[in-house]
Amino acid sequence: MPQLPTLLMFLAACAGLVHSAESMLVENGVPHAEIVLSDKPARMAKLAAKELQTYVEKISGARLEIVSEPGVGRAHVFVGKSPHTEALKLATDGLENGSFRMASGADWMALLGPDEDYVPIEPWGRNRGAAETARVNAEFDKITGDTFWNHHREVHARYHKDLDVWDYDDAGTLNAVHEYLRSLGVRWFAPGELGEVVPAMKTLPLPQVNRTVKPDFGMRRFTFYTDHTGIGDKGIWTLRLGLNNAHKIGGIAQVCHGLKFVLMRDEMKKAHPEMYLLTGGRRDTTTKGSGYPDITSPLFFEKHLKYSRAMFDHFKEPMLSIDLVDGYGGMTSDDPNWMAQLTPERGWPGTMSDHVFGYLNRVALELNKSHPDRLVSGLAYSAYKLPPEKIDHFSPNFALIETRQRQNFWDEAKRKEHQDMRAAWQKKLQPGRYLTWDYSINARPEQAGRPVYYTQQISRDLRELKGQTLGEMIEIYDHPAGKEASFGYDPQAIEHLNLYVTSRLWWNVDQDLEALLDDYFTSYYGPAAVPMRAFMDYSEANWMHMGQDADKIGQAIALFTTAQAAADPQSAPGRRMQKIADIMRPLHALQKQLSHKRESDLVYRVLEARQTGGKPLTSRPFDGQVLKDYWTDVRSAGLAKLTPDAPHPKAFTTFQIQREGGVLHIGIICHEPDMARLNSATTTPDDEKLLEGDHVTLLIETPTRAYYEIAVNPAGAVLEIDHAEGGKGVKWTSGAQCAVHRGEKLWSVELRIPIAGEGAFVLDPLKGIDGAQPKDLFPWHFNLGRQRVRGSSIERTAYSPTGKQDFHVPEKFAKLWGK
């Protein structure tokens, strides 16, 4: 047995290695602390306490109790403001935009922010129902004495019922909790459970900390296409990233295109049609649901001011969007005075700059007289993106929101263009009157496929913007709610990294990007970290070329395949990579398509029927007539002789294409000087004799199959052939409807071709055109030809001349694309 002095010396030496219960949160899976919350906590503080409890238990297995009064013999984690934090003199004065404090003592830690609950101002909408819309508008009418649309009808969408918080509640306390959890290694890289990383630790010491954390960017907002703020997994994900909708900066009402709320009500349209733009012989009261304003109208100017002042006075908006209705860029008017304001000589981005900003500045100047403590905003957007030339200095209350897409700043010329444009704008604005609006839309169905990473551009651009902007919004593509599964991919599979990096740099733009990325790849992909980093680095340097270069696609796919092989497919890293594989699936078809030799630069863009200005095609008899009322703004293209030395064609042919949902509508007009001698070689369907007489033939190559033929003759007979591998010799049908009309000096064809979708050939090789709808990044290729036979004379014409007396020259097929 050791002597007493020796034992005392031994225990003294070990004292530095022994923690009292009060200095530990969790020890060997046993809780030694409790979470102390005010007895009347703010909503975000309540959520913060729950988040802390949940993740400490996930990490250690220990559940910390949530109490309102601290117990004895335990460490205390004070979450949010309470009498206990006041006793510790932990103030949150001056903290805003989600800023927070973290402090600790011998047996306590405090995580807190201002804890301010948002209280909506009446009248505000509880839902989007017609009755509720009528109610909030009627209440607003009593306030304004007019018939404006009350956008506070939408406020309910900013409440997260599952979390019991509003987007506008101060999140400082929640941010403090998440910062502490990040210090333990917790990460929320993407929405959902698969997107998070939680380390395993049985012991959690009480940290020593004393920090006040403020973000570099005040407004930090993600705006999802379908639900704006994000619901479910996206809602809590944005909170865990520390975002801030910043209603104290940008207000509650819609932050863009705000002028439409003056116009939207039917009562306003009926009472004052003269305020709406006169175009095409009518007042536009319908486009975008609101109609377009005539910004030269004195009455509209008065109404706009009246609406704005009501929003300032009643709803206390700090900033109000006075921006034009979306789509105003490019509009024309029947009014010569309106047209005289345009400056087309400045190119598209400056065509309407003086016209639009001249109006917006007039509104701003008047509002500055009545409300000098409030701001108004407008977008640099579309045909009014460049600074106006006739305004040297804007009204001091005017703030500009610049729309941009920083992923394209890999192109130094584009980056320099934006830098110069920002500098030119800022010369005209008061300091602190600038925000940015970026776009994250690579996952849209017509774009999805390329691995678009741009972390370097994010870091470089945000460093330049620090101190120059009130904040930033990012518009993010997301699938329509309830229809996610039908798309077959997660829109955040790739984009989450760009968004995660942005969110972290919004808080501290000067942090080490490489360290941030190393942490991401190591934490998220585990054994596949190194090959996944190689894939990302290659993709970041080359994604912009993958729409044209099959070799670069091949290299990216090879790198990604190597990464996938490094992890168990059923593991979390394997499942995360599978999400990337799903969204990249179209790249394989694009690689194959780009590998084909192309010798035609002809392009035909397919408009959706709703974009054409014509009547719905399905609302009329299907009789083969190509009527102007149904093809109003659809491009009409003509056919040309196949070879330069061929005789000039005696009959002219035109065609038009538009899309209505999942159907391609093709209208073909075959002018014919000799209708009496039309040569229809057969009246029997699927008879190859059809090709011996007069006919039109449509050749279609999709990204997944090359190629199909649909031929039609004047008698209405149809021949369909799948010329691709495995298609010849079988009875294939496109499922198309066909109608032929014979007039006095023409015959015409209407085709309605269903777009069967990718994988149609696998599901049924005898039915349907295999391929998704033609898109910008993943187009179809096609040719349309016509043959006339008069005795021994054969005349052939085509949209894309083939250089030989043959339509079947795939390298000469034209590009067919749309949105």
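Please refer to the structure placed before this passage.
Asks: Whenever I open this one, the overall build of the protein chain confuses me. Can you help?
Replies: Scanning the protein chain from terminus to terminus reveals 20 helices and 35 strands. Taking the principal axes of its C-alpha atoms as reference, the protein chain extends roughly 125 × 75 × 50 Å. Per-residue burial over the protein chain gives 56% buried out of 819 residues. When the accessible surface of the protein chain is summed, it comes to about 34,100 Å², and 53% of that surface belongs to carbon and sulfur atoms. Side-chain charges in the protein chain split into 96 positive and 105 negative, and the spacing between the mean points of these groups amounts to 2 Å.

Asks: I keep staring at helix 13 (residues 412-428) and nothing clicks. Help me out?
Replies: Since the α-helix packs 3.6 residues into each turn, any two residues three or four apart lie on the same face. With 17 residues, helix 13 extends 25 Å between its outermost C-alpha atoms, agreeing within 8% with the 24 Å of an ideal straight helix rising 1.5 Å per residue. Taken together, the buried positions of helix 13 are occupied by Arg415, His418, Met421, Arg422, Trp425 and Lys428. Viewed end-on, helix 13 has its buried residues packed into an arc of 145 degrees, placing them on one side of the element. The exposed residues of helix 13 that point more than 90 degrees off its buried face are Ala413 and Lys427.

Asks: Please explain the packing of aromatic side chains as it appears in this structure.
Replies: Aromatic rings in a pair are described by how distant their centres are and how their planes are angled relative to each other. Scanning all chains against the criterion turns up 40 aromatic pairs. The interplanar angle of 45 degrees and the centroid separation of 6.1 Å between the aromatic rings of Phe222 and Trp237 together place this pair among those described as tilted. Placement of Phe222 in strand 14 (residues 219-224) and of Trp237 in helix 6 (residues 233-240) is noted, with a sequence separation of 15 residues between them. The burial state of Phe222 is the same as that of Trp237; both residues are buried. Here the aromatic cluster, defined as three or more aromatic residues joined through ring pairs, consists of Phe189, Tyr500, Tyr520, Phe521, Tyr524 and Tyr525. When the ring centre of Trp124 is taken as reference, the NZ or CZ atom of Arg126 above it lies at 3.8 Å. One residue, Lys234, lies across the ring of Phe224, its end atom 5.6 Å from the ring centre.

Asks: How do you make sense of the packing of helix 16 (residues 513-525) against helix 19 (residues 572-595) when you look at a structure like this?
Replies: The axes of two packed helices give the description: the angle between them and the distance between them. At a closest axis distance of 8 Å, the pairing of helix 16 and helix 19 adopts a crossing angle of 110 degrees. Judged by the inter-axis angle, helix 16 sits roughly perpendicular to helix 19. Of helix 19, the residues touching helix 16 (which contributes Ser523, Tyr524 and Tyr525) are Pro573, Arg576, Met577 and Ile580. Of the residues contributing to the contact of helix 16 with helix 19, the split by class is five nonpolar, one polar and one charged.

Asks: It is not clear to me how the pattern of salt bridges should be interpreted in this structure. Could you clarify?
Replies: Pairs can form between side chains of opposite charge whenever their charged atoms are close. Taken as a whole and judged by the stated rule, the model has 52 salt bridges. In this structure, Arg63 engages Glu57 in a salt bridge whose closest nitrogen and oxygen atoms are separated by 3.0 Å. Of the residues examined, Arg63 reaches a relative accessible area of 39% and is grouped as partly exposed. The closest approach of N and O atoms between Lys248 and Glu116, which form a salt bridge, is 2.9 Å. Residue Lys248 is located in helix 7 (residues 247-250), and its partner Glu116 is located in the loop between strand 7 (108-112) and helix 4 (130-144); the two are separated by 132 residues in the primary sequence. Judged by relative accessible area, Lys248 falls into the exposed class, the value being 52%. Through salt bridges with shared partners, a single ionic network connects Glu402, Arg404, Arg406, Asp438, Asp461 and Glu472.

Asks: What's the story with the side chain of Ser60 in this structure? I'm lost.
Replies: Summarising the element assignment, Ser60 is placed in helix 2 (residues 43-60). At 2.8 Å, the side chain of Ser60 forms a polar contact with the backbone oxygen of Val56. A polar atom in the side chain of Ser60 sits 3.1 Å from the backbone nitrogen of Ala62.

Asks: Help me out: how do you make sense of the nonpolar core in this one?
Replies: Note on soluble globular proteins: their nonpolar side chains tend to be buried together. With 169 residues, the main nonpolar core has Leu25, Phe222 and Met532 as its most contacted residues. In terms of nonpolar packing, the next biggest core, distinct from the first, is built from 38 residues, Val606, Ile669, Tyr708 and Ile753 among them.

Asks: Looking at this structure, I do not really get the packing of helix 4 against helix 10 (residues 298-315). What am I missing?
Replies: Between helix 4 and helix 10, the shortest axis-to-axis distance is 10 Å and the interhelical angle comes to 100 degrees. Comparing their axes, helix 10 and helix 4 come out roughly perpendicular. For the pair formed by helix 4 and helix 10, the contact residues are Phe140, Ile143 and Thr144 on the first element and Lys306, Tyr307, Ala310, Met311, His314 and Phe315 on the second. Looking at side-chain class alone, the contact of helix 4 with helix 10 contains six nonpolar, two polar and one charged residues.

Asks: Even after reading the chapter, I still don't get the sheet that holds strand 13 (residues 210-213), so can you show me in this structure?
Replies: Within a sheet, neighbouring strands are paired by backbone hydrogen bonds and run either parallel or antiparallel to one another. Strand order in this open sheet of six strands is 4-3-5-7-6-13, and the pairing throughout is mixed. In this open sheet, the two edge strands, each paired with only one partner strand, are strand 4 (66-67) and strand 13. Across four bridges, strand 6 (residues 100-104) lies against strand 13 in antiparallel orientation. Across the sheet, Ala103 pairs through a bridge with Asn210, a residue of strand 13. Set on the sheet, helix 2 makes contact with strand 3 (33-36), strand 4 and strand 5 (75-79); between it and strand 5 the angle comes to about 140 degrees.

Asks: Quick question: what am I supposed to make of the pairing of strand 30 (residues 737-742) here?
Replies: Two faces, one strand: in a regular strand the side chains alternate between the faces of the sheet. Bridge count for strand 30 against strand 31 (residues 746-757) is six bridges, and the pairing is antiparallel. Residue pairing for strand 31: Cys738 is matched across the bridge by Leu751.

Asks: Is there a simple way to think about unusual backbone geometry in this case?
Replies: The phi torsion of most residues other than glycine is negative, and most of the peptide bonds are trans. The amide bond that connects Glu122 to the next residue, Pro123, takes the cis arrangement and shows omega of 0 degrees. Tracing the chain through its elements places Pro123 in the loop between strand 7 and helix 4. Cis rather than trans, the peptide bond between Ala706 and Tyr707 has omega equal to 0 degrees. The phi angle at Asp115 is positive, at roughly 55 degrees, despite the residue not being glycine.

Asks: How should I be thinking about the environment of Asn713 in this particular structure?
Replies: Position of Asn713 among the secondary structure elements: in the loop between strand 28 (705-712) and strand 29 (718-722). Assessed through its relative accessible area of 0%, Asn713 is described here as buried. In the structure, Asn713 is positioned 70 residues away from Thr643 in sequence and 23 Å away in space, judged by C-alpha atoms. In contact with Asn713, other than residues within four places in its own chain, are Ser680, Ala681, Thr682, Leu690, Asp694, His695, Val740 and Trp747. Among the polar contacts made by the side chain of Asn713, one reaches the main-chain carbonyl oxygen of Thr682 at a distance of 2.8 Å. At 3.0 Å, the side chain of Asn713 forms a polar contact with the backbone nitrogen of Ala715.

Asks: Explain the environment of Cys670 here, please?
Replies: Tracing the backbone through its elements, the reader meets Cys670 in strand 26 (residues 663-671). In the structure, Cys670 is positioned 177 residues away from Ala493 in sequence and 48 Å away in space, judged by C-alpha atoms. Among residues more than four places away in sequence, those in contact with Cys670 are Phe652, Thr653, Val696, Lys745, Leu746, Trp747 and Arg786.

Asks: Which parts of the structure should I look at to understand the side chain of Thr144?
Replies: Tracing the backbone shows Thr144 in helix 4. Excluding its chain neighbours within four sequence positions, the residues that come into contact with Thr144 are Lys306 and Ala310.

Asks: Explanation requested: the pairing of strand 7 in the structure shown.
Replies: Most of strand 7 sits out of view: five of its five residues are buried. Alternating positions in strand 7 separate into two faces, Trp108, Ala110 and Leu112 on one and Met109 and Leu111 on the other, with burial throughout. Both strand 5 and strand 7 contribute to a ladder of four bridges, which runs parallel. Residue pairing across strands places Val77 opposite Met109, the latter belonging to strand 7. Hairpin connection, strand 6 to strand 7: the antiparallel pair is bridged by three residues.

Cut-offs and rules
Throughout, a residue's number is its position along its own chain's written sequence, starting from 1. For a predicted model such as this one, the threshold for reporting local features is a pLDDT of at least 70, and the threshold for listing and counting side-chain atom pairs is 80 or more; totals across whole chains, interfaces and linings nevertheless cover every residue. Side-chain calculation: all heavy atoms of the structure are included, whereas hydrogens and water are not. The numbering of helices and of strands both runs from the N terminus, where a helix is a DSSP run of H or I of at least 4 residues and a strand a run of E of at least 2. Classification of residues uses two cut-offs on accessible area relative to the type maximum, computed with a 1.4 Å probe and protein chains only: under 20% is buried, over 50% is exposed, and between them is partly exposed. Accessible areas in this description were obtained via Shrake-Rupley with a 1.4 Å probe; residue shielding takes into account the shown protein chains only. Positive: Lys, Arg. Negative: Asp, Glu. His and the chain ends are not part of the count. To locate a charge, the coordinates of NZ of Lys, CZ of Arg, CG of Asp or CD of Glu are taken. Here the expected span of a helix is defined as 1.5 Å times the quantity of residues minus one. Our arc is simply the arc of the directions from the helix axis toward the C-beta atoms. Aromatic rings from Phe, Tyr and Trp, with only the six-membered ring used for Trp, were paired whenever their centres fell within 6.5 Å, and each pair was classed as stacked if the ring planes differed by under 30 degrees, edge-to-face if by over 60, and tilted otherwise. Think of it as a cone above the ring: NZ of Lys or CZ of Arg counts as a charge over the ring if it is within 6 Å of the ring centre and within 35 degrees of the ring normal. In this analysis an axis means a line fitted to C-alpha atoms, helices contributing only their contacting stretch, and an angle means the value between N-to-C directions, from 0 to 180 degrees. Angles below 35 degrees are treated as roughly parallel, those above 145 as roughly antiparallel, those between 65 and 115 as roughly perpendicular, and all remaining angles as oblique. Here a residue-residue contact requires only that any non-hydrogen atoms of the pair lie within 4.5 Å. In the scheme used here, Gly and all other residues not listed as nonpolar or charged are polar, with Ala, Val, Leu, Ile, Met, Phe, Trp, Tyr, Cys and Pro taken as nonpolar and Asp, Glu, Lys and Arg as charged. Any Lys or Arg side-chain nitrogen found within 4 Å of a carboxyl oxygen on Asp or Glu counts as a salt bridge. Distance and chemistry together define a polar contact, namely a pair of N or O atoms within 3.5 Å, with one atom able to donate a hydrogen and the other to accept it when in protein, and with adjacent residues in sequence counting only for side-chain atoms on both sides. Residues belong to one nonpolar core when they are buried, are Ala, Val, Leu, Ile, Met, Phe, Trp, Tyr or Cys, and are joined through side-chain atoms within 4.5 Å. When DSSP finds at least two bridges between two strands, those strands are taken to pair.

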